[in-house]
Structure formats: structure tokens, C-alpha cells
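Working through the structure, step by step
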Amino acid sequence: MIAQLFPTCLVNEFHPAVGMSVARVLERLGCSVVVPEGLTCCGQPAFNAGFHDEARRVARHTLRVLTATDGPIVVPSGSCSDMLVHQYVELFRADAPAADAARGVAARCREFSQFVAERGGAPASMKTPARVAYHPSCHLMRGLGVRREPLEIIASIGAQSVAFDEQEECCGFGGLFSIKNADISASMMDRKLTAILASGAERLVSCDLGCLLHLEGGLRRRGAAIKVQHLAELVDEALE
Amino acid sequence: MSGGFAQRAREALGNQQLHIALDRTTAQLVVRRAAGLASLEDADRVRDRARASKMQLLHTLADSLRAFEARLVENGARVHWAETAADANRIIVEIATKAGVRRVAKSKSMASEQTHVNGAFERAGIGVVETDLGEYIVQLAGDRPSHIIMPIVHMTREQVGRVMAQRLAVPYSDDTQTLARYARAQLREEFLQADMGLTGANFGVVENGAICLVTNEGNARMVTTLPRVYVVLMGIEKLVPTMADLDRFLKLLARSATGQKLTAYTTLVRGPRRSGDDSGPDQMHVVLLDNGRSKILAGETAEILGCIRCGACLNACPVYRSVGGHAYGDVYPGPVGSIVTPGIRGLAPFAELPSASSLCGACREVCPVRLDIPRMLLALRHEAVEHTRQPAALRMGLTLFARVASRPRLYRAATAVVRRVLRSRARDGWIRRAPGMASGWTRFRDLKAPAAETFETAWRRRAAGRTS
Amino acid sequence: MSGARDAILGRVERAVRTGRIPSAPPHDRDEDGGTRADGDARRGAPDSARLQERFVLEARALGVETYVEPTAAAVCDRLRTLIAGLRVLAWNPDGLPYDCGSIVDGALLGSSPRADQARAEVGITACHGAIAETGSLALVAGPGCSPTVSLLPPFHVALVRPEDLHERFIDFVTARADALAQSSNCTFVTGPSRTADIELSLTIGVHGPGRVAIVIGP
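Rules of the game
The written sequence of each chain sets the order in which its residues are numbered from 1. Written order determines the labels here, with chains lettered from A and ligands numbered from 1. Whole-chain, interface and lining totals are the exception, using all residues; otherwise, since this is a predicted model, local features are given only for residues with pLDDT of at least 70 and side-chain atom pairs are given and counted only at 80 or more. Numbering of helices and strands runs from the N terminus; a helix is a DSSP stretch of H or I covering at least four residues, while a strand is a stretch of E covering at least two. Counting other C-beta atoms within 10 Å of its own, a residue is labelled buried from 20 upward, exposed at 12 or fewer, and partly exposed in the gap between, with every C-beta atom placed from the backbone. C-beta atoms are first placed from the backbone for all residues, and any pair lying within 7 Å is then listed as a contact. For the radius of gyration, the atom set is restricted to C-alpha positions; the globular benchmark scales as 2.2 Å times the number of residues to the power 0.38. Between any two strands, at least two bridges found by DSSP are needed for them to pair. Axis definition: a line fitted to C-alpha atoms, limited for helices to the stretch in contact. Angles are taken between N-to-C directions and run from 0 to 180 degrees. Put simply, Ala, Val, Leu, Ile, Met, Phe, Trp, Tyr, Cys and Pro go in the nonpolar bin, Asp, Glu, Lys and Arg in the charged bin, and everything else, Gly too, in the polar bin. Helix span, as expected, comes to 1.5 Å for every residue beyond the first. One axis fitted to the seven residues ending at a residue, another fitted to the seven starting there: the angle between these axes is the bend at that residue. The source of the domain bounds is an automatic or database domain assignment. Orientation is classified from the angle alone, with under 35 degrees giving roughly parallel, over 145 giving roughly antiparallel, 65 to 115 giving roughly perpendicular, and any other angle giving oblique.

Broken down by element type, chain B carries 23 helices and twelve strands. Considered along the principal axes of its C-alpha atoms, chain B spans approximately 100 × 55 × 45 Å. Among the 468 residues that make up chain B, the fraction classed as buried is 60%. Sequence-distant contacts, at least 24 apart, represent 72% of the contacts inside chain B between residues at least 6 apart.

What follows covers the overall build of chain A. Broken down by element type, chain A carries 13 helices and eight strands. For chain A, whose C-alpha radius of gyration is 17 Å, the value lies close to the compact-globule estimate of 18 Å for 240 residues. Principal-axis analysis of the C-alpha atoms gives chain A an extent of 50 × 45 × 25 Å. Relative to its 240 residues, chain A shows a buried fraction of 61%.

Moving on to the sheet that holds strand 6 (residues 160–161) of chain A. Residues and elements named next belong to chain A. Taken in spatial order, the four strands make up an open sheet running 6-5-7-8, and their pairing is parallel. Every interior strand has two partners, whereas the edge strands, strand 6 and strand 8 (227–230), have only one. Of the strand pairs in this sheet, strand 5 (residues 131–135) and strand 6 are connected by two bridges, and their pairing is parallel. Following the sheet pairing, Arg 131 is matched in strand 6 by Gln 160. Helix 13 (residues 231–239) rests against strand 7 (203–206) and strand 8 of the sheet, and its axis sits at about 95° to strand 8.

With that settled, consider unusual backbone geometry. Residue and element names in this part refer to chain B. Although it is not a glycine, Ala 169 adopts a positive phi angle of roughly 55°. Unlike most non-glycine residues, Asp 428 shows phi in positive territory, near 60°. One can find Asp 428 in the loop between helix 21 (408–424) and strand 11 (430–431). On the basis of neighbour counts, which here come to 8 C-beta atoms within 10 Å, the residue Asp 428 falls in the exposed class.

This part covers the interface of chain B and chain C. You'll often see interface size given as the accessible area lost when the parts meet. Between chain B and chain C, the residue contacts involve 79 residues of the former and 68 residues of the latter. At nine residues, helix 3 (residues 43–59) of chain B tops the list of elements feeding residues into the side of chain B that touches chain C.

It is worth spelling out the interface of chain A and chain B at this point. Taken together, the contact between chain A and chain B spans 51 residues of the former and 50 residues of the latter. Sorting the residues of the side of chain A that touches chain B by element identifies helix 1 (9–14), helix 2 (16–28), helix 3 (44–48), helix 4 (52–67), helix 8 (138–143), helix 10 (177–180), helix 11 (182–198) and helix 12 (209–222) of chain A as the ones contributing at least two each. A breakdown of the residues in the side of chain A that touches chain B according to their chemical character gives 23 nonpolar, 18 polar and ten charged.

Further remarks concern the pairing of strand 6 (residues 210–215) of chain B. Residue and element names in this part refer to chain B. Judged by how many residues are buried, strand 6 sits mostly within the fold: six of six residues are covered. Residue alternation in strand 6 divides its side chains into two sets, Ala 210, Cys 212 and Val 214 and Ile 211, Leu 213 and Thr 215, and both sets are buried. Between strand 5 (residues 203–205) and strand 6, which pair antiparallel and follow one another directly, the connecting turn spans four residues, one of which, Gly 209, has a positive phi of 70°. As judged from the five bridges shared by strand 6 and strand 9 (residues 265–269), these two strands associate in the antiparallel manner. Looking at the pairing, Cys 212 lines up with Leu 268 of strand 9.

Sheet strands line up and pair through hydrogen bonds in the backbone, either parallel or antiparallel. All names here are of chain C. Across the sheet, six strands lie side by side as 1-12-7-4-2-3; this open sheet has parallel pairing. Unpaired on one side and paired on the other, strand 1 (65–68) and strand 3 (108–109) mark the two borders of the sheet. Across the sheet, helix 2 (residues 48–61) touches strand 1 and strand 12 (211–216), and the angle it forms with strand 1 is around 155°.

All names here are of chain A. With 14 residues, helix 5 (residues 78–91) should reach 20 Å at 1.5 Å per residue; the first-to-last C-alpha distance of 18 Å fits that figure. Within helix 5, the axis deviates most sharply at Leu 84, by approximately 40°. Within helix 5, eleven of the 14 residues are buried, which leaves the element mostly enclosed by the surrounding structure. Where helix 5 is concerned, the buried positions are Gly 78, Ser 79, Cys 80, Ser 81, Asp 82, Met 83, Leu 84, Val 85, Gln 87, Tyr 88 and Leu 91.

Let us now look at the domain arrangement of chain A. All names here are of chain A. Along its sequence, chain A is carved into domain 1 (2–117) and domain 2 (124–239). Contact residues are listed per partner, giving 29 residues for domain 1 and 24 residues for domain 2. Those elements giving two or more residues to the side of domain 1 that touches domain 2 turn out to be helix 1, helix 2, helix 3, helix 5 and helix 7 (112–118). When residues in the side of domain 1 that touches domain 2 are grouped by element, the largest group, seven residues, is from helix 2. When the residues that make up the side of domain 1 that touches domain 2 are grouped by side-chain class, the tally is 14 nonpolar, eleven polar and four charged.

Our focus in this paragraph is the environment of Ala 117 of chain A. All names here are of chain A. As for its position among the elements, Ala 117 is in helix 7. For Ala 117, a count of 19 C-beta atoms within 10 Å puts it in the partly exposed group. Taking the C-alpha atoms as reference points, Ala 117 and Thr 8, 109 residues apart in sequence, are found 20 Å from one another. Residues contacting Ala 117, with those up to four places away along its chain left out, are Glu 149, Glu 152 and Ile 153.

With that out of the way, let us pick up the pairing of strand 6 (residues 136–140) of chain C. Residues and elements named next belong to chain C. Taking burial as the measure, the five residues of strand 6 include four buried ones, the bulk of the element. Where strand 5 (residues 129–131) lies against strand 6, three bridges are found, and the strand directions are antiparallel. The partner of Ala 130 across the bridge, within strand 6, is Leu 137. Connecting the antiparallel pair strand 5 and strand 6 is a turn made up of four residues, with Gly 135 showing a positive phi of about 70°. Pairing geometry for strand 6 and strand 9 (residues 185–189), over four bridges, is antiparallel.

One way to put it is that helix 4 (residues 61–74) of chain B packs onto helix 1 (residues 2–18) of chain C with a least axis distance of 8 Å and a crossing angle of 150°. In terms of axis orientation, helix 4 of chain B runs roughly antiparallel to helix 1 of chain C. Contacts between helix 4 of chain B and helix 1 of chain C involve Leu 61, Ala 62 and Leu 65 of chain B from the former and Leu 9, Val 12, Glu 13 and Val 16 of chain C from the latter. Residue classes in the contact of helix 4 of chain B with helix 1 of chain C are distributed as six nonpolar, no polar and one charged.

Here it is as C-alpha cells:
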């Protein structure tokens, strides 16, 4: 089957390896991966800041690109996925045709772990099992209701999930929140990192690159050496 | 963007003692809430029905208020309507003056905090004492409460001991039993001597006009039983349609707040004393307060009027846990406060509050009536953009973003420039000091250098390689 | 001031036209206007012995001393023991079950001077209801049943009969709706007075009684 891959702006600009990993996993699942031409950003930064007109401008473009495609749209990010699935219809409440397009796209969207789980799980197995601390990103867990899938995938590839204190608490990224309320963001980050480091995990894994950039940046500032990966990279590693 | 909240938050973050107190209290309350909800049969269903009941009430609020008023009058209570805080205070002071009241004993009422009724009493030469232990200590200390149900979460026992020693001329102690006993002794006299009792209302039951008060200490019972005049100050949104609804809310309120099935005292007041009663007020007044609520009802955040003031959202909120209640700058802190305060006081002076959230959604998850707090925060952010001044850099930046991100070729070119600039400042793939707006990031974290080439470029190359 | 009333009601009515109020899904609304409590359809009449067991369990979990006595005489004996040497404030003797009225002969009553009531060391009441699901006592104010009795003294003793027991809060308020309608005040007492306002450290007995005992008779 054909799967459209929406890389997301963060993956595209900061960590393309995640996109590659996603593609390889999808191909191993029997999908033919297409990256639609002209994708930029889902528009969430503008929307979260309250700039709806600006967000709509970007969203219209994104909708235009996506509605010209078919098949599931795989998004390696809980927050971008939630934007497409829940917030686009909100943004276009006053524009019926756009709202319809948004609903169509929303129905086709799948966050990466969601998609993998729906396709029967990851066909992979780690040669050396790793001890993994999984950070559930907020939009993924609470916005989309995706809680078990990432943990099931981690277990199914032979890695060991290590629980840590207050595991479900927000890491403090929150998009522009990380800059506008940098002090508070850093305080939340500190709590999260202390808990993760105390858990004895070798790796930190999440489904959202935003959270990972924020947490890895904090780990580096602390001089801590735990490996940080997107779930797709972990699975990709086990594919080999 | 810097203002009252940013400054207060910074101070709070540096306050180690506050940090310990908040951590300990919120963590415990989270555990207790979980246990409390676990003991509730069919909790999800009760929450759904409670939500439906509140939303239905809001849809029919005018009729409900009329019906409630009629029942109150049948019960022998006098009903007053207050459009503003000042009106409410004026009405309450008038009731007191007409009845020759010298001393008022107050049980917990956040609405009365909102209206600053204590100041109005004092200006009229009428003594007023707070009788909730936490509120009493706040009053003694000249401080302000910092949590909806745990007003002195920000104070240590030593601090409480010092306040009491100073203000009550009792020996210093930091033993909580002793401190509670001091308060009991002091307040007992107040209860017995007070001419007027003043409370808020947790719920007003439309079908029978009952005022429901939910407390643990016994002070609400005291002030509704002993003084000869009893006044209820109640927000117009505090209604529930029937006793069956009240039952649902009672199942949820204490469990969500403290994990208890019910608080020690659940009191239903149905009017002044009846003939033959040995105690109870001679006159009962209910002041129905608008003070911005009808305005909230008219907008995008109408749903927040369904809040039952349990405080669960505060305990679940990582931002509240970091900065505490005073940072929010007004009566209601935390997630609910970030919506109610702009609604009641105006958005312009409190525009920072809706932005002081990572939108994690923990609040919505624990709210007994499933209020969609993140949606309302986003709506207020939009309102702030439409009606208040935004930092020029932010507005320009996002306008530019919108223009660029809707044109792929321009986007590719622009991001290529940004990537190059950032990469030039990187060492080992990381940036320690980012320029401009991004400097907020690198105050606390390293910034990963963007990739040399985008995923898209790499992908097209791979695809081309495969087809050649 | 009808001006304020009209203004507020007018604003509320207009507000509902523009306000974003989520609608309640039909399956969450009550079919008959809200008088039916959750789970009503599935319930049969509760077993009296189990009700009492549940009530005792819940009350004890709250720190309430709970005694179950087999005879009226035993109830009176228990009461005598509990209040021995204490200054008593009581509901009117006629209102106390199991012929315990005579035990409180000469005690302070709800009609006694308040200053005297405030010096009582124990308050004795019956109850209008006892709620098994939460271990609560329902005390309805009325002639001979002053709220001060269960509030002012530091120790409260309540006499409960099995027929007072209801499974749930909603059962009691429905069954005794008339009694509630005729009273100015009904309080559900669920354990002793308490606070955790200082450092979340629990203190029992703030303004209301710190010690509560329940005696259940036959």
C-alpha cells in the first residue's frame, strides 16, 4: 500500500535521520512511501501563539498538498499529528469547504507508532536489548490517546522499558513555551531529566522530536551521556 | 514578554522552600485523587453525566436562576442580585448595617475574595474574621491564598507558628496540632459572638433552593447555625438542577480535591430558622453575583463556568507545581485561574496567563467535569492576539513564518539560510549560544545544529538513485 | 433591585446565544429530567445486614468509634459508659431511641443558653438517616434537634437504628424529601472535624467534634 510521509518541519530541518528511519520501517511493513512535494509545516507554532490567520495560511497550503494525495498520512510526531487531526477542524470552523478537507485529512492521519501498531507491529528485533526510558509526549498521549502502542513496540523489538518517576508529566517543551516561558520550561525539564537519569536507562526514546531536542539539549548541558532517539530510529536500528 | 507573571514566576522558581512545599503537597493530592476516583463506581459515567448536567445548566441558566430564586424565596430567604463586585459588597454591608451587625464570621468563599468584601466591612467599621484555618492564617499574616483548597500550601509550619505567635500572643509552636488548637480556641469565641455569618456556596440546587456547603473543619456549620444573620455570596454559575445532580457532584468534588468520599460536613441550608427551631439564623440572604460571569458565558470560554472548584487541575499542572499560586496574580491560580482571571478582570492585564502553559492537557484529564482547558487557553491566546499588543518581534516573526511556510520554494530558500547561520555557530553539532529570540533556549539547553541537508533533499536523492 | 436582576438575566440570555457552550450528548442526559440517580435500574432492595456492615466499615475507616449493640439495654449501657463524667448536651430526650432519653435527664438541651451549650463536653443525638456508602450521619435540624448538639461539644455520640440506614445519599434525600423540605438545615456528618491546611499534616478536631462515636442498636 502507499503511505504518504509528512516529515514535519523539525525532522526535515534538524534530524532527517528520523525521516529516513520512518521510511525504512514503513517499507519493511510493505508500504510504498511517498513524500508529497511542497510540504512545509503544519502551522502549529502560529496556532499555539494565537495567530489564527497566519496559522490558517500555512494550514491551507498543507491541506492543498495533502488532499492531492491518497492513502494514510504517516506523521512522526504526536504534536503535528494532533494539529492535523484535531486543530485543523477547529481553525476552519468558519470555512465549510476547508473544514471538510480538514476532516478528510484528519481521518487519514496516523502518528508513526499508531500506524506501526495498526499494521501489526514492528518486524524487528534488537541484537542487544537496550534499557529504554520512554517519554510519552503530551499531544500523543492525551491529545491522540496513544499510550500503549509505543511501549508495545519497544517491548516487541526486544528492548526493555524502564519506568521512571512522574513518567507521564510534561517535559516542558511545549513549542514556543520553551522560549517564552524558558525558566518554567527549564524547571520542568530538570525534573524530567533527573527522573530519567535516576532510572538507570541507557536510552531516552520518544515519538516527538520537539521533546527530544529539548531534553537532549538539557542532557548535554548537564554533561550526561545517555543516548537519545526517536522511536523510529530505535525500530530502524533493530531492523538491521 | 515580561510582566507581572514572568517576574513572579522567576521569583517562585528561585524559592527552594516553596518548591519543596508544592512538590510534596501536589504529589500527595494527586495520589489521593487517584485513590478517591478508583473507589467511585462507574467514575467515567458519573463524570460524563456531571459534565452534561453543567453544560445543560449553562444553556438554560436564565430560567434556572429564575426558578432558583423562586425556591429561595419560598424557603424564606431574601434574594439580591449583584452585577459587580462593588454592588455585592454594598449589598452585603447594607444587610449588615441594617441588622446592626458588629462582627462577621466568614467561612470559605472565593467569590468574596474576588470582591474584597473584607475591605468593605472594615471601611464600614464592621469586624470580619476568616474561619477556615488556612484563610484565617492568611488573614493574620496579611498574605493571600495560593491554592483553591489548600490556601497556605506555600507556608511552612514554622512560618504559621511565627504568625500565630505574633498576632495571637500565644507561645510559639511548630506542632500542627497545637496550632490548630490555637485557632480553635480563638475562633470559637468569634463564632459565638458573631452577628452575621457569610459563606460562599459550593452548589445551589435549583429544584429546591438548597445551598450546599462542603467543608472539613466545621466552621461553615458554625456560621450557618449560630449568628442571627446569614448571607450567601454565590456566583450565578454555581447552580445544579436537581438533587440527583448534586449527588453526582458530591461524589466527584471531595474525591477530586482530597481523595475523601465526602468531606466531614456536607450541609444543605434551606432558609432561615423555622418556628420551633432552637438555632439557626433569623434572616438569610442570598446574593447572586455576576461580576463578569455573564461576559464569560457569552464567549469562547463559557465552559469554564462548569468548574466545581476542586483544585485537581492545579495539582496536575506542571506549571503550577513549578511556580505556585501567587505567580498567577489573582484569586484563582493554576489552569482554571488562567481562564477565569482574564474573564473576570479583563484579558489585557492578564494576557500572560493563558500563555503560561505547555498545553500538556493534564488538567483536562483530571477535571471531574472534563473541562477542555487547553482549548480555552488557546482561544484566549487568540483573543490576546486580536485585542492586545503583542511583542513586535513575535508578530513579525509569525507573519513572516506564515508567508514563507505557505510557499515551498521560498520556505526551502529561507530555511537554508537559517540552517547555514545556525550551523556556523555550532561546535560538534551543538550550539551553546543561539542568537536573537532563540537565546531563551540556550540559556538552559544546548541547541542541536540543523542538518547540512534537509530530509526532503536526502529523500529526493535516494528516490532518484533508486530509479536510475 | 429589579434593575440588577433584569440586567443580569438579560445578559445571561443574550450570552447563551453567542457563548461556546458544549452540548451535552443525549445519552449523558437524564431520560426523565434528572430525578433518576445513576444505576437505579440495576438495583434491588439492599440487604439490611449488608447495609449495616458497609456502614460500620465506612464509619470505622473514618476514625469513628462504632459500636453495634444487640439490645436496647446494651445501647443504653454503652451510652452511659461513653458519657460518664462528662457534661452532656442532647437532643430532646423524646427524640432519642432505645429509651435512652432517661439517661440524658437534666442534660443541657438545644434550647439552653448558648454559653452553657458551648461548655458541654459531649453532644448526644439520634439521626435522621445513616448513609452506608460513605459512613455518614444525616442530621436534620428541627424542634428538639438543634445542630449545636452535634457541633459545639468536642465529642459527639449518635444513636442509630437499622431502619435509619440507606445505601446512598440519593436514597436518603429521595426517601426523606418531605422532612428535608420542612427543615432549614440538614448536615451530613462524615467523620470527625479535621484539617490538613498546614503542610498537609492531618489534625483531627478543629471546630466541630474531634471525637465521634456511633452506637447502632437492634
